[in-house]
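Structural features, examined
Residues per chain, in single letters:
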Amino acid sequence: MKQQVDNLQEEFTLEQINELNEIIEKYRVEPGGIIPLLKETQDLLGYLPINIQKQISDKANIPLSRIYGIVTFYSFFTMTPRGKHTVKVCLGTACYFSGGKEIAETIEGEFRVKSGETTADRIFTYETVRCLGACGLAPAIVVDGEVYGRVKPSKVKEILEKYK
Amino acid sequence: MSLIDIIINDNKLKIEEGTTILDAAKEAGIKIPTLCAMPEFGFAPGSCRICVVEVVGMPALVASCTYPVREGLKIYTHSERVLRARKMTLEFLLANHPLDCMTCEKSGDCILEELAYSFGIKKSRFEQNREQIPLDETSPFIVRDLNKCVLCGRCIEICNEILQSHAINFGYRSSQVKIIADEDVDLRLSQCLSCGLCVVVCPVGALTDKAAQGKGRTWEFKKVKTTCNYCGCGCNFDLNIKEGKVAKVTSNPESIVNGIHLCVKGRFGYDYIHREDRLKTPLIRKNGKFEKASWEEAYQLISSKFTKIKKESGNDSLAVLSSAKCTNEENYLLMKFSRAVLGTNNVDHCARLCHSATVAGLAQAFGSGAMTNSIKEIADASAIYLTGSNTTENHPIIALEIKKAVTKNGAKLIVADPREIELVKYATLWLRQRPGTDVALFNGLMNVIIDEGLEDKEFIAQRTEGYEELKKTVLKYTPEVVEKITGVPAEDIRKAARIYATAPTASLIYSMGITQHTTGTDNVLSTANLAMLTGNVGKESAGVNPLRGQSNVQGACDLGALPNVYSGYQKVTDPQIQEKFSKAWGVDLSDKVGLTVVEILNAAYEGKIKGVFIVAENPAMSEPDLNHAREALKRTEFLVVSDIFMTETAEFADVILPGVTIAEKDGTLTNTERRVQRVKKAIEPIGEAKQEWRIISELAQKMGYNMSYNNPAEIMEEIAKLTPIYGGISYERLEKDGLQWPCIDVNHTGTKYLHKDKFSRGKGKFSAVEFKEAAELPDKEYPLLFTTGRVLYHFHTGTITRRSKGLDEICPEAFVEINPRDAKELKIENEDMVEVTSRRGKIKAKAQITEKSGKGVVFMSFHFHEAAANLLTNAALDPVAKIPEYKVCAVKVKKYQ
Ligand code: SF4
Ligand code: SF4
Ligand code: SF4
Ligand code: FES
Ligand code: FES
């Protein structure tokens, strides 16, 4: 158990871990369902990585396969950390052919992420999407809901730098 | 429940209200196909919809496995509409299903294949190209091909609800849904216990038995129902035979003890039968080397040597070690051989090392040293006090009953164990006593019960004696005093006492953690005291229940492979008994109580015992203080060993005789709940090996004593005649469910629980016992307490389990469990090689750092010859039962450089 806590500490602060343990304890004493427990945990930590799932499994005595099953079933649970900002690159037909593909490649190369992943510094979560409904602006990207149109692959980095 | 009228396929039927349509149809002889439902486990999720039927008046078809019948219901099970719907469902199921029945292991036994055949579906109209899921072959026992999975959910239900193993579940969503193990890892890496029950219930070829791949089609096997030869649970199953070989083991739902359950050893641990290194001919040691010999030669040599020793040094310089792995018939013959042919009562077996304290203690308290109640009764107990038994690993099928009691029937479980065993998870209360302080803990519990007036006064007055004395003794053991001795908080002692004493039925279950102490008999007496104090003996779902280790350790005791009794615990010192056996066997018999296992080896060490005959035992691994035991075997003038493999003990022999496995012989075994069950010959003996019962009688014959039987059934007839508790037992009567002794005569149906209105000895006897410390305690030089046990995947000295490919693959090496705090002090990291030293020996093994072991306690299993735990253990004996103290000795641990 000690080792596991050490592992957790690499990712989370001691405060967060303590708070997590409090949440688990609350649900252990008064079982209110696994889903709310997981939801509260995700609200606290932002995501539900395997070692957190294991911690919950051990402490609350819930089978790991059950937790993992639920986490992978409901789309609002995520096992990858979210970055501060979300970058969506459109790979719909119009965007793809007018430079979307290159934008995606640039980001993937520059930030070393694949679709659905978060950069190591936790600044960006990068996703690719199908048609944003802004084909007129192709190629388009969206950062935290703000749409950027006619983006040149060479300019992507510049746009994102602003958010750092 | 009232009967109602329904109409199925235009036929009127009277049926109990609330029955499902599926069951109603079954009663009417109509077969409705099912995929997901398992009515025998109350599982009917209604998800596969292959079982749909038409109910007149209902707009949609209904799933018959969940739909209850009502008065006047009109049902069609095979109408055109129904068949069309079923066909459609099937085609959807087949849309993603690989069509490779020709090489699929499940073919011939697959529901999907059968349905596709009967509906004439060659190819699905909805064929899709779902992404292939890679085959998972990581488990040594189970192959998972999830591309064949129909998502019926049976495996999940079994693993989670029935077994409480919680290894698998559904994961992901929509078209990605699949069965996941833990966090979607390979089965081998998950918490799967490899029981294989999911393989049994899987209706298709998604889960199959790895070792059986390519060994034959279901229809080619001859099935022989027999009894497992590993542990005392006594599970039954079918050996599947093809071309004279055991191809695999499958569940037989007719098994009374276990139904379709089996543990990993029973289901997957029988590949040792056909190992190349089986002993196939007799071997005789010539000039220090073993040479092949004929049976005649071997018998001749043994006979002349034993006769010579007898003449020169007297009968009592010979001894026999019988075996808890051999059948009842063989144990009977061996003790007869010892007494009638060799003329000595020096016969014993390894029960001495595990449960002799039980036999001695419970005989003293109740008059009969066996589990008082039956396995199936455990599930209905309202409280269970479990102590000194890691049931999950050692008696897996009994652990299921305990879990059922807790999770399904709301029983309260109290675990008293120094280790954090798996069942602690299910416990209301866990008492972590310092090893070796059980008497104090029991006295503390009784102190509270008496103090709070929770004892069963009526039971005590009418059915017991010795109460006042007990009371006087336990009054000293207040919870506070006991806390100081045991380390268990006084408040927990009070709580546990109240739970146990106020439960309508409380079952006390224990195993070697209680017996393997110098105070073993005292411990057992304490269990009996506690049960009698609260009136928990002689009624259903209560009692004192020692779990016996090996498959036939109960039987070996019953049949008198003990130095002081004949079969049925009839004393050798009783002149009437002596006369009875003397007459039946046609020889004079000795009334001198013989030596026990440890004493025999000590005598051999001192040169007083000169000839020893050991059958299927491995004292060179199982004895405490191994260096001493091995030296004793070396010094034995003439040692004969019969076994199936070259064991550590056989290495010391002068003559080795090849015996057989249970697949090669007929006989009976008696499980821990006193149930005598059949073992059936399924294949011919390998090589020149012979059944042990033949070996013993042929050897007797050679030595001039007339011992001849055509088959083991005849031996059982003789046993029944001479042994009152087995009086009504015969092979015909054992056929279906076996019989639980006492079974007095042919009309007696056996005994589910003992001491109903009267104890075997008349009144139950309380014994006041004082706490005594273990013989060797940690000190400055050896600061840690060493304790031993077993793991799920191996059995006893590992002779056979370590020769099972899968079992050894999953658990290949010894480990020492150490508490994290001790590890830190000793600067030991997980998986470091460590050296463990006691006053008697030294071994090396990998460290496993875990909270399972309490601070100051190290634990190790004893299956591994390369790190034999018993090189360290203490041979100090319990004064009454002569059981050695395996559970407590002092050691020091350091990192191995
Ligand atoms: S083998 Fe047993 S423990 Fe493993 S997944 Fe199957 S049912 Fe569960
Ligand atoms: S693996 Fe077998 S039992 Fe489990 S869901 Fe799939 S088909 Fe059913
Ligand atoms: S080892 Fe014991 S629990 Fe396992 S199958 Fe054999 S008798 Fe049953
Ligand atoms: S394709 Fe990119 S917005 Fe439509
Ligand atoms: S068997 Fe009835 S729905 Fe599956």
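From a predicted model like this one, the values you see are computed outputs, not experimental measurements.

1. Re the overall build of chain A
Regarding its fold elements, chain A presents seven helices and four strands. Starting at the N terminus, the α and β elements of chain A follow one another as α-α-α-α-α-β-α-β-β-β-α. On the principal axes, the C-alpha backbone points of chain A span a range of 55 × 25 × 20 Å. A buried classification covers 46% of the 164 residues belonging to chain A. About 8,900 Å² of surface is accessible on chain A, with carbon and sulfur atoms providing 50% of the total.

2. Some points on the site of ligand 3
Residue and element names in this part refer to chain B. In the neighbourhood of ligand 3, the contacting residues comprise Cys228, Tyr230, Cys231, Cys233, Gly234, Cys235, Leu262, Cys263, Lys265, Gly266, Pro396 and Ile397. Those elements giving two or more residues to the shell around ligand 3 turn out to be helix 6 (264–268) and helix 12 (396–407). Split by residue class, the shell around ligand 3 holds nine nonpolar, two polar and one charged.

3. Concerning the packing of aromatic side chains
Working definition: an aromatic ring pair is given by the centre-to-centre distance plus the angle between the planes. All names here are of chain B. Summed over the entire model, instances satisfying the criterion amount to 25 aromatic pairs over all chains. Judged by centre distance (5.8 Å) and plane angle (70 degrees), the rings of Phe337 and Phe613 are edge-to-face. A residue pair is termed long-range when its members are at least 10 positions apart, and Phe337 in helix 8 (residues 328–342) and Phe613 in strand 25 (residues 611–615) qualify at 276 residues. Owing to a relative accessible area of 0%, Phe337 belongs among the buried residues under this scheme. On the basis of an interplanar angle of 10 degrees and a centroid distance of 4.2 Å, the ring pair of Tyr566 and Phe581 is categorised as stacked. Placement of the pair is Tyr566 in strand 23 (residues 565–566) and Phe581 in helix 21 (residues 575–585), with a sequence separation of 15 residues. Owing to a relative accessible area of 0%, Phe581 belongs among the buried residues under this scheme. Ring-pair connections join several aromatic residues into one group, and the members of that group are Tyr230, Phe237, Tyr270, Tyr272 and Phe645. Across from the ring centre of Tyr566, 5.1 Å away, lies the NZ or CZ of Arg339, which sits over that ring. The ring of Phe859 carries Arg419 above its face, with NZ or CZ at 3.5 Å from the centroid.

4. A closer look at helix 6 (residues 93–111) of chain A
The α-helix advances 3.6 residues per turn, and as a result positions three or four apart in sequence lie on the same side. Residues and elements named next belong to chain A. Maximum bend of helix 6: about 75 degrees, positioned at Gly99. Along helix 6, the positions that sit buried rather than exposed are Cys95, Gly99, Gly100, Ile103, Ala104, Ile107 and Phe111. The inward-facing, buried residues of helix 6 contact strand 1 (85–90), strand 2 (124–129), strand 3 (141–143) and helix 7 (156–161). Arg112 sits one or two positions beyond helix 6 and adopts a positive phi of about 50 degrees.

5. Some thoughts on the packing of helix 22 (residues 597–605) of chain B against helix 24 (residues 626–635) of chain B
All names here are of chain B. At a closest axis distance of 8 Å, the pairing of helix 22 and helix 24 adopts a crossing angle of 60 degrees. Taken together, helix 22 and helix 24 sit at an angle that is classed as oblique. Handedness of the helix 22/helix 24 crossing: left-handed. Touching Leu601, Asn602, Ala604 and Tyr605 of helix 22 are His628, Ala629, Glu631, Ala632, Leu633 and Arg635, all from helix 24. For the contact of helix 22 with helix 24, a count of residues per class yields six nonpolar, two polar and two charged.

6. What to know about the confidence of the model for chain B
For residues with low pLDDT, the predicted coordinates do not support detailed interpretation. Predicted confidence across chain B gives a mean pLDDT of 89, with 98% of residues reaching 70 or more. In the predicted complex, the global pTM is 0.85; the interface-specific ipTM is 0.71.

7. As for the interface of chain A and chain B
In this assembly, 13 residues from chain A lie in contact with 15 residues from chain B. For the pair chain A and chain B, the summed buried area comes to about 1,200 Å², and 55% of that belongs to carbon and sulfur atoms. The interface formed by chain A and chain B includes one salt bridge. The salt bridge partner of Lys54 of chain A is Glu183 of chain B, with a shortest N-O separation of 3.3 Å. Applying the counting criterion to the chain A and chain B interface returns five residue pairs in polar contact (both at pLDDT 80 or more). Of all the secondary-structure elements, those providing two or more residues to the side of chain A that touches chain B are helix 4 (50–60) and helix 5 (64–73) of chain A. Here the side of chain A that touches chain B takes seven residues from helix 5 of chain A, the largest share from any one element. Counted by class, the side of chain A that touches chain B contains six nonpolar, five polar and two charged residues.

8. Regarding the sheet that holds strand 19 (residues 429–431) of chain B
Strand-to-strand pairing in sheets goes through backbone hydrogen bonds, with the strands running parallel or antiparallel. Residue and element names in this part refer to chain B. Strand order in this open sheet of five strands is 19-18-17-21-22, and the pairing throughout is parallel. Of all strands in the sheet, those bounded by a partner on one side alone are strand 19 and strand 22 (543–546). Adjacent strand axes in the sheet meet at a mean angle of 15 degrees when their direction is disregarded. Where strand 18 (residues 412–416) and strand 19 come together, three bridges link them in parallel fashion. By the bridge assignment, Ile414 is partnered in strand 19 with Leu429. Here helix 13 (residues 438–451) sits on the sheet and contacts strand 17 (383–387), strand 18, strand 19 and strand 21 (506–510); the angle it forms with strand 17, its principal contact strand, is near 160 degrees.

9. As for the site of ligand 1
What surrounds ligand 1 is the set Ile142, Cys159, Leu163, Ser165, Ile168, Cys192, Leu193, Ser194, Cys195, Gly196 and Cys198 of chain B. Among the residues forming the shell around ligand 1, the class breakdown is eight nonpolar, three polar and no charged.

10. Quick look at the packing of helix 13 of chain B against helix 19 (residues 520–533) of chain B
Packed helix pairs are specified by the crossing angle of their axes together with the interaxial distance, meaning the distance between the axes. Residue and element names in this part refer to chain B. Contact geometry of helix 13 with helix 19 gives a least axis separation of 9 Å together with a crossing angle of 15 degrees. In terms of axis orientation, helix 13 runs roughly parallel to helix 19. Taken as a pair, helix 13 and helix 19 cross one another with a handedness that is left-handed. Residues Asp438, Val439, Phe442, Leu445, Met446, Ile449 and Ile450 of helix 13 lie in contact with helix 19, whose contacting residues are Asp522, Asn523, Ser526, Thr527, Asn529, Leu530 and Leu533. Its residues assigned to classes, the contact of helix 13 with helix 19 comprises eight nonpolar, four polar and two charged.

11. Some thoughts on the domain arrangement of chain A
Domains assigned within chain A are domain 1 (2–73) and domain 2 (85–161). Taking the mean C-alpha position of each, domain 1 of chain A and domain 2 of chain A sit 32 Å from one another.

12. Focus on the pairing of strand 21 of chain B
All names here are of chain B. Taking burial as the measure, the five residues of strand 21 include five buried ones, the bulk of the element. Side chains of strand 21 alternate between two faces, with Ala506, Leu508 and Tyr510 and Ser507 and Ile509 buried alike. Bridging between strand 17 and strand 21 involves five bridges; their strand directions are parallel. Paired with Ile384 across the bridge in strand 21 is Ser507. Bridge count between strand 21 and strand 22: four bridges; the pairing is parallel. In the sheet register, Ile509 faces strand 22, and the bridge partner there is Asn545.

13. Digging into the domain arrangement of chain B
Residue and element names in this part refer to chain B. The domain boundaries assigned to chain B delineate domain 1 (3–78), domain 2 (128–274), domain 3 (283–350 + 552–740), domain 4 (372–546) and domain 5 (784–895). Contact between domain 2 and domain 4 buries roughly 1,100 Å² in total, counting both sides, with carbon and sulfur atoms accounting for 63%. A per-residue breakdown of the area domain 2 buries against domain 4 is headed by Gln164, Cys233 and Val257, which together make up 44% of the total. The tally of links between domain 2 and domain 4 comes to one salt bridge. Salt-bridge contacts for Glu161 lead to Lys408; the nearest nitrogen and oxygen are separated by 3.6 Å. At the junction of domain 2 and domain 4, the tally comes to four residue pairs in polar contact (both at pLDDT 80 or more).

14. Remarks on the pattern of salt bridges
All names here are of chain B. Evaluated as defined, the whole model comprises 54 salt bridges over all chains. A salt bridge links Lys634 to Glu631, with the nearest nitrogen and oxygen atoms 3.9 Å apart. With a gap of three residues between them, Lys634 and Glu631 both fall in helix 24, about one helical turn apart. Of the charged contacts, one joins Lys665 and Glu692 as a salt bridge, the two residues approaching to 3.0 Å between their closest N and O atoms. With Lys665 in the loop between strand 27 (655–658) and strand 28 (667–670) and Glu692 in helix 25 (residues 692–702), the pair connects residues that are 27 residues apart, well separated along the chain. In this structure, Lys665 and Glu692 share a single accessibility class: buried. One salt-bridge network, in which partners are shared between bridges, spans Glu776, Asp779, Arg839 and Arg840.

Thresholds applied
- Residues numbered from 1 in each chain as written.
- Chains lettered and ligands numbered in written order.
- Predicted model: local features only at pLDDT ≥ 70, side-chain atom pairs only at ≥ 80, totals over all residues.
- Heavy atoms only, no water.
- Helix = DSSP H or I, 4+ residues; strand = E, 2+ residues; numbered from the N terminus.
- Buried < 20%, exposed > 50% of the residue type's maximum accessible area, 1.4 Å probe, protein only.
- Areas by Shrake-Rupley, 256 points an atom, 1.4 Å probe, with all protein chains shown as cover.
- Near = heavy atom within 4 Å.
- Nonpolar A, V, L, I, M, F, W, Y, C, P; charged D, E, K, R; others polar.
- Phe/Tyr/Trp six-rings, centres within 6.5 Å; stacked < 30°, edge-to-face > 60°.
- Lys NZ or Arg CZ within 6 Å of the ring centre and 35° of its normal.
- Bend = angle between axes of the 7 residues up to and from the residue.
- Contact = heavy atoms within 4.5 Å.
- Axes fitted to C-alpha atoms, helices over the stretch in contact; angles between N-to-C directions.
- Parallel < 35°, antiparallel > 145°, perpendicular 65-115°, else oblique.
- Left-handed = near helix turned anticlockwise from the far one by under 90°.
- pLDDT = per-residue confidence, 0-100.
- Buried area = accessible area lost by both parts, 1.4 Å probe.
- Salt bridge = Lys/Arg side-chain N within 4 Å of Asp/Glu carboxyl O.
- Polar contact = N/O pair within 3.5 Å; in protein donor to acceptor, adjacent residues only side chain to side chain.
- Pairing = 2+ DSSP bridges.
- Domains from an automatic or database assignment.

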